[in-house]
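Next come the chains, spelled out residue by residue.
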Amino acid sequence: MTPQPSPLPEELQAALEDVRQVRDTLGKLRMSHPIREMIGPMRIFSFAMAPILLGYGVLMQRWFDASTTHLFGMPKRTFVWVASLTFVVLSGIAKNMIYRKASQARGYSYSEVIRRVLWVDGYIRIVVAVMSVLGILIAVFVHSGQAYQIPGLIAICSGAIVILIPLAFPLPELTWVGVISLVAGGASMFMYPAYPFYKAGALFFIICIGFGFTTVRLNPKTESAS
């Protein structure tokens, strides 16, 4: 007969119960964290960006496929790269402005939050590692004539960062958005190589819509009502 395991000592049972209570308390505190309020305004921005990104993809693909060799006085490929970079920079500035206003409205310093998360908590190591790999792979794909892989690659790296967000921010709901970004980005790298901008528009449309619907759960009124 297999010997029956002896019951846990009372001290160990009490210690495990203490750990469970601490974990539950920390979980409740995380779900009421001010950062969760600051992410709320990004829901509107995300919903607004979804059709803009889709329109960007359609417009850029049409320009890219145009028979002309120049667009607005620049070689076609140069114009597409400049326009895409400008779009990314402007959307990034708009996003940071929304975060800054949201934090100021709640009495927080946006720059202090970023400094704390990136430098004190060490999240900068994750961001730098992922973005460095992304930059190197983009250069490799462009050099090898496979620039059509870039949208999927960006989606994969973005998904990796989003999946790791709960290590720094109390936003576990975003994990599934990161998973979708990883899966959709990976699948897109093997599909429709002749339409990179259509793919980019569709990919980030899906990601923005997913992010928007997910952040509805971050609304304190929604959580308190549930």
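Residues numbered from 1 in each chain as written. Predicted model: local features only at pLDDT ≥ 70, side-chain atom pairs only at ≥ 80, totals over all residues. Heavy atoms only, no water.

1. Details of the overall build of the protein
This is how it is decided: What counts as a helix is a DSSP run of H or I of at least four residues, what counts as a strand is a run of E of at least two, and both are numbered from the N terminus. Categorising residues by exposure relies on relative accessible area from a 1.4 Å probe, with only protein chains included: less than 20% of the type maximum marks a residue as buried, more than 50% marks it as exposed, and the intermediate range marks it as partly exposed. A contact between two residues is defined here by any heavy atoms of the two lying within 4.5 Å. The accessible surface values rely on the Shrake-Rupley method and a 1.4 Å probe; as for residues, cover is taken only from the protein chains in view.
Counting its secondary structure elements, the protein contains ten helices and two strands. Moving toward the C terminus, one meets the helices and strands of the protein in the order α-α-α-β-β-α-α-α-α-α-α-α. Taken over 226 residues, the protein has a buried fraction of 32%. Long-range contacts, defined here as pairs at least 24 residues apart, represent 69% of the contacts in the protein between residues at least 6 apart. Approximately 14,000 Å² of the protein is accessible, and the part contributed by carbon and sulfur atoms is 70%.

2. Describing unusual backbone geometry
Of note, the phi angle at Tyr192 is positive, near 45°, even though the residue is not glycine. Mapped onto the elements of the fold, Tyr192 is located in the loop between helix H8 (175–188) and helix H9 (196–215). Taking relative accessible area as the criterion, Tyr192 reaches 54% and is therefore assigned exposed.

3. A short note on the confidence of the model for the protein
To keep it simple, the criterion reads: Every residue carries a pLDDT, the predictor's confidence in it, which falls somewhere between 0 and 100.
On average, residues of the protein carry a pLDDT of 78, and 83% of them reach 70 or more. Looking at the elements of the protein, mean pLDDT is at its lowest for helix H10 (residues 220–225), recorded as 45, and at its highest for H8, recorded as 88. Considering only residues more than four positions removed or in separate chains, one finds that residues 220–226, a stretch of pLDDT under 50, has seven contacts.

4. Notes on the packing of aromatic side chains
The following threshold applies: Note on aromatic contacts: the rings of Phe and Tyr and the six-membered ring of Trp form a pair at centre separations within 6.5 Å, being stacked when their planes are under 30 degrees apart, edge-to-face when over 60 apart, and tilted otherwise.
Summed over all chains, the structure comprises eight aromatic pairs. Aromatic side chains Tyr56 and Phe197 sit 6.4 Å apart centroid to centroid with 80° between the ring planes, which places their arrangement in the edge-to-face category. Here Tyr56 is found in helix H3 (residues 41–65), whereas its partner Phe197 is found in helix H9, with 141 residues between them in sequence. Members of the aromatic cluster, joined through ring pairs, are Tyr56, Phe64, Phe87 and Phe197.

5. Topic: the packing of helix H7 (residues 150–164) against H8
Our working definition: Comment: axis = line fitted to C-alpha atoms, over the contacting stretch for helices; angle = value between 0 and 180 degrees taken between N-to-C directions. Roughly parallel means an angle under 35 degrees; roughly antiparallel means over 145; roughly perpendicular covers 65 to 115; every other angle is labelled oblique. For any helix crossing, the convention is left-handed if the near helix is rotated counterclockwise from the far helix by under a right angle, and right-handed if that rotation is clockwise. Residue type decides the class: Asp, Glu, Lys and Arg count as charged, Ala, Val, Leu, Ile, Met, Phe, Trp, Tyr, Cys and Pro as nonpolar, and the leftover types, Gly among them, as polar.
Packing of H7 against H8 brings their axes to within 7 Å, and their N-to-C directions diverge by 160°. Between H7 and H8, the angle is such that the two are roughly antiparallel. Considering only the axes of H7 and H8, their crossing is left-handed. Residues Gly152, Ala155, Ile156, Ser158, Gly159, Ala160, Val162 and Ile163 of H7 lie in contact with H8, whose contacting residues are Thr175, Gly178, Val179, Ser181, Leu182, Gly185, Gly186 and Ser188. Taken together, the residues of the contact of H7 with H8 break down into seven nonpolar, nine polar and no charged.

6. Section: the packing of helix H6 (residues 124–143) against H7
Taken N-terminus to C-terminus, the directions of H6 and H7 make an angle of 170°; their axes are 10 Å apart at the nearest point. Here H7 runs roughly antiparallel to H6, going by the angle between their axes. Contacts between H6 and H7 pair Ile126, Val130, Met131, Leu134, Leu137, Ile138, Phe141 and Val142 from the former with Ile150, Leu153, Ile154, Cys157, Ile161 and Leu164 from the latter. Residues that form the contact of H6 with H7 fall into these classes: 14 nonpolar, no polar and no charged.

7. What about the side chain of Ser188?
In this structure, Ser188 sits in helix H8. With relative accessibility at 8%, the residue Ser188 sits in the buried group. In this view, Ser188 contacts Gly152, Lys199 and Leu203; residues no more than four positions away in its chain are not counted.

8. Comments concerning H8
Short version of the rule: To estimate the expected span of a helix, subtract one from its residue number and multiply by 1.5 Å. Directions drawn from the helix axis to the C-beta atoms are what define this arc.
With 14 residues, H8 extends 20 Å from end C-alpha to end C-alpha; this agrees with the ideal 20 Å at 1.5 Å per step. Listing the buried residues of H8 in full gives Val177, Gly178, Ser181, Gly185, Gly186 and Ser188. Around the axis of H8, the buried residues are gathered within 160° of arc, so they sit on the same side.

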